Amino acid sequence: MTTFARLLSGAALSATFIATAPALWAETPANMLVVANRIDDITTLDPAENFEFAGGDVLRNVYGRLVNFDPLDYEAGYQPDLAESWEVSEDGRSITFTMREGVTFTSGNPVTAEDAEFSLRRAVLLNLTPSFLLTQFGFTPENIEETIRAEGNMLTVTTDKAYATSFVLNCLTATIGSILDKKTVMAHEVDGDMGHDWLKTHAAGSAAYSLVAWKPNESVTLQANPDFYQGAPAMKRVIVRHITESATQRLLLERGDIDVARNLNPQDVQGLDGAEGVRIHEELKGYLMYASFNQKIPELQDPKVLEALKHLVDYEGMANSFLKGQWTIQQNFLPQTYLGAVRDNPFSLDVGKAKELLAEAGVDGLDLTIGVRDVQERMEIAQSMQNTFAQAGIKLNIEVGTGKQILAKYRARDLDVYLGTWGPDYPDPQTNASTFAYNPDNSEEAQNAGILAWRNSWDADDLTEMTDAAVTERDTAKRVEMYHEIQARFRETSPFAIMFQNIEQDGIRDTVQGFTTGQAIADASYWKVTK
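What counts as what
- Residues numbered from 1 in each chain as written.
- Predicted model: local features only at pLDDT ≥ 70, side-chain atom pairs only at ≥ 80, totals over all residues.
- Heavy atoms only, no water.
- Axes fitted to C-alpha atoms, helices over the stretch in contact; angles between N-to-C directions.
- Helix = DSSP H or I, 4+ residues; strand = E, 2+ residues; numbered from the N terminus.
- Parallel < 35°, antiparallel > 145°, perpendicular 65-115°, else oblique.
- Left-handed = near helix turned anticlockwise from the far one by under 90°.
- Contact = heavy atoms within 4.5 Å.
- Nonpolar A, V, L, I, M, F, W, Y, C, P; charged D, E, K, R; others polar.
- Buried < 20%, exposed > 50% of the residue type's maximum accessible area, 1.4 Å probe, protein only.
- Pairing = 2+ DSSP bridges.
- Salt bridge = Lys/Arg side-chain N within 4 Å of Asp/Glu carboxyl O.
- Core = buried A, V, L, I, M, F, W, Y, C linked by side-chain atoms within 4.5 Å.

Colleague: Got a minute to help me understand the packing of helix α12 (residues 303-310) against helix α14 (residues 351-360) in this structure?
Modeller: Between two packed helices, what matters for the description is the angle formed by their axes and the separation of those axes. Packing of α12 against α14 brings their axes to within 8 Å, and their N-to-C directions diverge by 165 degrees. Here α12 is positioned roughly antiparallel relative to α14, judged by the angle of their axes. The handedness of the crossing between α12 and α14 is left-handed. Between α12, through Lys-304, Val-305, Glu-307 and Ala-308, and α14, the contact on the second element is made entirely by Lys-353, Ala-354, Leu-357, Leu-358 and Glu-360. When its residues are assigned to classes, the contact of α12 with α14 shows 5 nonpolar, no polar and 4 charged.

As structure tokens, this is what we get:
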């Protein structure tokens with residue numbers, strides 16, 4: 001074992017240790033990628049159960065899907081993966097996939113339509129957290145033998161109604177769409193669990209890497225699949241280390257002991273500016289920062305007041321100061337890189353215009369309370385809003401609490417103003433449209449706390465019908481235009497002030513090329529990385 005390997009095999013490293021032992025460290029091997037990341041959110045590696053970020057990174061590199069995204073061309077949208085082609089029935093309810101010939105799992109077993117049938121049916125039958133991604137299409141334990149069917153080299157899925165094809169295929173790119181090796185998985189079945197307990201810590205995939213080991217709160221090790229149908233990856237081994245401290249990640253990166261540092265705070269990003277052999281790699285992610293205004297308050301129901309409030313947010317001032325490049329202005333509910341995303345950001349801080357709008361609405365002073373989780377950047381955003389709102393005669397009281405406390409009041413419709421983030425569940429515009437711009441029942445009795453429009457007591461006007469229409473539009477170009485129109489209406493009429501989209505800033509060695517964290521629509525990919 002080399003000095004490098006011995007050191008990597010140890011527990012999480014402290015900055016103090018690093019500072020006292022620089023002579024022991026060496027650059028990572030040319031065919032190995034070493035990533036520092038916080039991976040303590042991994043609780044399972046079963047694709048039917050995993051719904052966390054770090055686990056998604058692992059599974060994206062281990063399992064193929066029927067359709068998938070090209071890590072170097074996300075704008076192209078979903079592409080053939082284990083299915084080489086597909087056809088949609090005339091009524092729009094059935095999609096028949098033709099499986100790619102000659103692909104094998106890492107076990108050596110061939111990838112077949114039967115494996116795809118097993119994988120999708122299994123996810124429905126186990127009914128774990130992410131299963132809604134499939135059951136929203138009407139698949140149930142009672143009907144899967146008719147709705148998810150393999151025949152020869154073909155797999156046909158039949159939905160309960162004619163959804164947009166892009167909606168169905170985008171959802172199949174998610175982790176729950178992973179295709180498993182049926183023979184290997186069922187060889188480890190215990191008491192009818194369909195291999196669930198075994199798959200929590202093992203893998204049975206066909207993609208670029210196989211899982212060597214997952215050590216909770218310590219590391220994940222992947223080994224290149226030499227028979228990967230797209231070609232063996234250049235990085236023969238990938239090691240993801242659980243290193244929590246930003247300063248430690250920065251020191252390891254500067255010394256060449258890791259290739260990628262994924263959890264740098266703004267100060268360490270700034271500190272790496274000009275560092276030899278290191279660059280900052282930025283990607284837009286899916287999280288949105290927003291404020292929303294409860295429609296139970298009569299004054300906040302006036303469109304002129306809502307427009308005034310959106311002009312009392314100092315978007316540029318915050319983005320260019322304390323947010324320090326980790327958030328960019330985005331005033332729409334679809335994150336950039338999503339199908340249907342737009343770049344229209346019509347609001348800017350304009351106290352004079354806000355005062356005029358408030359006067360036209362007959363509002364002379366307001367006293368509101370904003371609920372904020374006790375996280376530094378959110379506190380700073382709330383304080384900025386408190387300052388700019390005061391310039392138009394609006395008193396904004398800040399109520400600070402834990403995430404659980406603030407969310408409980410938000411879900412109960414008990415906050416005047418909410419400040420927080422939202423992250424999409426899957427890579428299709430429906431995921432955000434169905435919560436920001438959709439509310440089929442605004443009554444208290446409905447208790448639709450999973451819908452953001454409902455949490456703000458907003459009936460969403462006719463956007464609910466427009467969202468329903470968009471998710472069933474089979475012409476993708478027309479569907480994109482529908483989301484453009486929905487977002488234009490949303491900006492004008494909604495009680496949401498969408499402010500920012502998250503940017504992940506990673507430190508990365510200059511020698512590393514082709515690394516991506518998956519932007520807003522996927523997870524990290526390692527098989528296109530070279531050094």
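We are not done yet, so read on.
Colleague: Just to check I follow, could you spell out the packing of helix α19 (residues 463-470) against helix α20 (residues 476-493) for this structure?
Modeller: Taken N-terminus to C-terminus, the directions of α19 and α20 make an angle of 165 degrees; their axes are 10 Å apart at the nearest point. In terms of axis orientation, α19 runs roughly antiparallel to α20. Pair α19 / α20 crosses with left-handed handedness. Across the interface between the two elements, Leu-463, Met-466, Thr-467, Ala-469 and Ala-470 from α19 touch Arg-479, Met-482, Tyr-483, Glu-485, Ile-486, Arg-489 and Phe-490 from α20.

Colleague: Where do I start with the pairing of strand β16 (residues 417-422) in this structure?
Modeller: In regular strands, side chains alternate between the two faces of the sheet. Of all the 6 residues making up β16, 6 are buried; the element is thus mostly covered by neighbouring parts of the structure. Relative to β16, strand β12 (residues 278-293) runs antiparallel, the two being bridged by 6 bridges. Pairing of Leu-288 across the sheet is with Trp-422, part of β16. Note: strand β14 (residues 366-373) against β16, 2 bridges, orientation parallel. Directly across from Ile-370, in β16, lies its bridge partner Val-417.

Colleague: What is the right way to read the sheet that holds strand β4 (residues 83-88) from this model?
Modeller: Pairing between the strands of a sheet is mediated by backbone hydrogen bonds and can be parallel or antiparallel. Sheet architecture is open: 4 strands sit in the order β4-β5-β7-β6, paired in antiparallel fashion. Taken across any chain shown, the strands that pair with only one partner, and hence form the sheet edges, are β4 and β6 (148-151). Taken pair by pair, the neighbouring strands of this sheet meet at an average axis angle of 20 degrees, ignoring direction. Those strands touched by helix α4 (residues 113-126) are β5 (94-99), β6 and β7 (154-158), and its axis lies near 165 degrees from that of β6.

Colleague: I tried to follow the pattern of salt bridges on my own but got confused; where do I start?
Modeller: Charged atoms that come close allow side chains of opposite charge to pair. Going through the model one piece at a time under the given rule, you end up with 16 salt bridges. Arg-121 is the partner of Glu-117 in a salt bridge, and the nearest nitrogen-oxygen pair spans 3.4 Å. With Glu-117 and Arg-121 both in helix α4 and 4 residues apart, the pair spans about one turn of that helix. On the accessibility criterion, Glu-117 (13% relative accessible area) is buried. The class of Arg-121 is buried, set by a relative accessible area of 17%. Salt bridges linked by common partners bring Asp-57, Arg-262 and Glu-504 together as one network.

Colleague: What is the right way to read the nonpolar core from this model?
Modeller: Most often, soluble globular proteins keep nonpolar side chains buried together rather than apart. Grouped together as the largest cluster of nonpolar side chains are 64 residues, with contacts concentrated most on Leu-66, Phe-97, Leu-172, Tyr-290, Phe-436, Phe-490 and Phe-496. The residues touching Phe-436, leaving out its near neighbours within four places in the chain, are Leu-288, Tyr-290, Phe-333, Trp-422, Leu-452, Ala-453, Trp-458, Phe-490, Phe-496 and Ile-498. Counting residues in hydrophobic clusters, the runner-up holds 38 residues, among them Ile-297, Tyr-315, Ala-392 and Leu-396.

Colleague: Would you take a moment to explain the environment of Pro-71 for this structure?
Modeller: Here Pro-71 is to be found in the loop between β2 (67-68) and β3 (79-80). Of the residues examined, Pro-71 reaches a relative accessible area of 6% and is grouped as buried. The sequence separation of Pro-71 and Ala-524 amounts to 453 residues, and the corresponding C-alpha distance is 8.3 Å. Those residues in contact with Pro-71 that lie beyond four places of it in its chain are Arg-60, Thr-516, Ser-525, Trp-527 and Lys-528.

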